[in-house]
Amino acid sequence: MGKKTNGVGRLFGGIDVGGTKILAMVADENGNVLSTAKKKTKGEQGFKAVCERAAVTMLEAAEVEGLTLGDLTAIGVGVPTPVLPDGVAAYAPNLPGWKNAPLIKNMEAFTARPCYGVNDGNAGVYGEYVFGAGKGAKTLLGLFVGTGIGGGVCYHGELIVGENHMAAEMGHIIVQEGGRKCGCGHLGCLEAYASKTGMARKIAWEIIQEGRESILAEMVPNGNYATIKSSALQEAYRKEDPVAVEALRELAHYLGVGVASYITLLGPDMVVIGGGVFESLGKELMPFVKESARRRTWPEASYKDTKIILAQLGDHAVGLGAAAHAKHRFAAETKTS
Ligand SMILES: [Zn+2]
């Protein structure tokens, strides 16, 4: 056991295992992040190697505070796949070898701590529920717009995962029957329109196929608009570049279409929206999301009772949510708090 920090109660680890990077953090019970560490995921090295890198990243984060893994009560692991109750990662399309993979068995072997797995989008909404913009909500929906769309539903303090443990894949409801092809193979998913990837396809089409002028063409000289940074989108939007404005408003419009369906189905009291694009342009885009959602819901029955607001935890949402989830599960198992 390493040095004990005084006065902060128990400490938990939270790991955000993404397609390109791993972010690990040590957090106290109030959601304060004491330290972080980051590594490339190197998914091509396979499932076990990624688990080991996640464990090493967690150790590095602990060492920043002069701690060892033994000082962490439990560790939450957020991953881009549904996690089954036995700690098995069901399927991560972006990580080779992550199909029915024994996530928690490996993480516990590499860290020698109790570990708990959670889908990354679910972790994000749980983080916002416990420590962020969603505090106090009863039925909270979270949507995080990035390369894909992550999210989840937290109902009276519990994540809804459905009987198949794969529910609340928020990006894969259909918003355009027979529409654009989604990474999941279906046509017309929300993610094909309202993610950065979907928007990049629209931008590429307008500039390359339609020959429209845009400052985005200079910002992304290789034409690979999928790699465009949120900061570049922000600049182009604020300069009223017509292609950027149109593409971002289309994203906001479709996000509102999705939100309307969630509101109609679940009647949440709060929806939080986050992710890179909304961290950069949230204030500008939220009115369009709300207007789109309002036009597709019954005002007297649902929309007026739903707060739609920006997420607060930024890059830390998944790690903090994973840590909070680990605390919650550990407490339920040990019945100590
Ligand atoms: Zn899909």
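In this report, we go over the structure that sits alongside the text. These numbers were taken from a predicted model, which means no experiment stands behind them.

Analysis parameters
Residues numbered from 1 in each chain as written. Predicted model: local features only at pLDDT ≥ 70, side-chain atom pairs only at ≥ 80, totals over all residues. Heavy atoms only, no water. Salt bridge = Lys/Arg side-chain N within 4 Å of Asp/Glu carboxyl O. Helix = DSSP H or I, 4+ residues; strand = E, 2+ residues; numbered from the N terminus. Buried < 20%, exposed > 50% of the residue type's maximum accessible area, 1.4 Å probe, protein only. Pairing = 2+ DSSP bridges.

**Quick look at the pattern of salt bridges**
- Applying the stated criterion across every chain yields a total of 13 salt bridges.
- The salt bridge partner of E29 is K327, with a shortest N-O separation of 3.4 Å. Of this pair, E29 sits in the loop between β2 (21–28) and β3 (33–40) while K327 sits in helix α10 (residues 317–334), placing them 298 residues apart in sequence.
- One salt bridge connects R294 with E291, and the closest N-O pair in it is separated by 2.8 Å. Residue R294 and its partner E291 are both found in helix α9 (residues 276–294); the two are separated by 3 residues, about one turn of the helix.
- For R294, a relative accessible area of 39% puts it in the partly exposed group.

**Re the pairing of strand β11 (residues 270–274)**
- Of all 5 residues that make up β11, 5 are buried, and the element is covered over most of its length.
- Covered by surrounding structure in β11 are M270, V272 and G274 together with V271 and I273, the residues of both alternating faces.
- In this structure, strand β8 (residues 139–145) lies alongside β11, joined through 5 bridges in parallel fashion. Of the residues in β11, the one forming a bridge with L140 is M270.
- Relative to strand β12 (residues 307–310), β11 runs parallel, the two being bridged by 4 bridges. Bridged to V271 within β12 is I308.

Any link to function would need more than the numbers given here.
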